[in-house]
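Residues per chain are reported as follows:
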Amino acid sequence: YSVHDPDFWEPMRKFGQDAADDIIRCLSRDLNRELTEPEKLNIRFGLQVLFGTINNTVINHPGPMEIKDSLFINKLTCAFKQVSYYDNIIKTGRLG
């Protein structure tokens, strides 16, 4: 396989889709309600940003942060929450 071959990325795509499905299912369960389609899309896009940032950081080391930096996870969490509107989703539901 080559990274230029679309089949090369299929396992990563499947992992991302499965992870998003699991997170949406857990959020729906914990909030005692089904997420709306826009909320699901926001979560999925937030995860796309999250996984893309991790991949880019591991492969290309673009800076300013590296995986090993103590603030990387914190900054990544903040980015996910902003892009996915996670806090708004939580506010509109009731956690289990």
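Residues numbered from 1 in each chain as written. Predicted model: local features only at pLDDT ≥ 70, side-chain atom pairs only at ≥ 80, totals over all residues. Heavy atoms only, no water.

1. Thoughts on the side chain of S28
Its place among the elements puts S28 in helix 1 (residues 10-31). On the accessibility criterion, S28 (11% relative accessible area) is buried. (Helix = DSSP H or I, 4+ residues; strand = E, 2+ residues; numbered from the N terminus. Buried < 20%, exposed > 50% of the residue type's maximum accessible area, 1.4 Å probe, protein only.)

2. What about the pattern of salt bridges?
With the rule as written, the count across this model stands at 9 salt bridges. The residue D22 makes a salt bridge to R25 at a minimum N-O spacing of 2.4 Å. On the criterion of helical spacing, the pair formed by D22 and R25 is a turn pair, its members being 3 residues apart in helix 1. Judged by its relative accessible area of 51%, R25 is exposed. Put simply, D87 and K81 hold a salt bridge, and the shortest N to O gap is 3.6 Å. Judged by relative accessible area, which is 38%, D87 ranks as partly exposed. Sharing partners across several salt bridges, the network here consists of E34, E37 and K40. (Salt bridge = Lys/Arg side-chain N within 4 Å of Asp/Glu carboxyl O.)

3. Examining the packing of aromatic side chains
Taken as a whole and assessed by the stated rule, the structure comprises 3 aromatic pairs. Arranged with centres 4.9 Å apart and planes meeting at 80 degrees, the rings of F8 and W9 form a pair that is edge-to-face. Accessibility expressed as a relative area gives 33% for F8, which makes it partly exposed. Taking the relative accessible area as the measure of exposure, W9 reaches 30% and is therefore partly exposed. (Phe/Tyr/Trp six-rings, centres within 6.5 Å; stacked < 30°, edge-to-face > 60°.)

4. Overview of the confidence of the model for the protein
Per-residue pLDDT for the protein has a mean of 91; in total, 96% of the residues score no lower than 70. Within the protein, helix 4 (residues 86-91) has the poorest average pLDDT of any element, 92, and helix 3 (residues 72-84) the best, 96. (pLDDT = per-residue confidence, 0-100.)

5. Quick look at a nonpolar patch on the surface
On the surface, V3, F8, W9, M12, F15, V58, I59 and I67 cluster together into a nonpolar patch covering about 700 Å² of accessible area. Along the chain, F15 turns up in helix 1. Given a relative accessible area of 47%, F15 falls into the partly exposed group. (Patch = residues over 30% accessible without salt bridge, like charges linked within 9 Å, V, L, I, M, F, W, Y side chains within 5 Å. Areas by Shrake-Rupley, 256 points an atom, 1.4 Å probe, with all protein chains shown as cover.)

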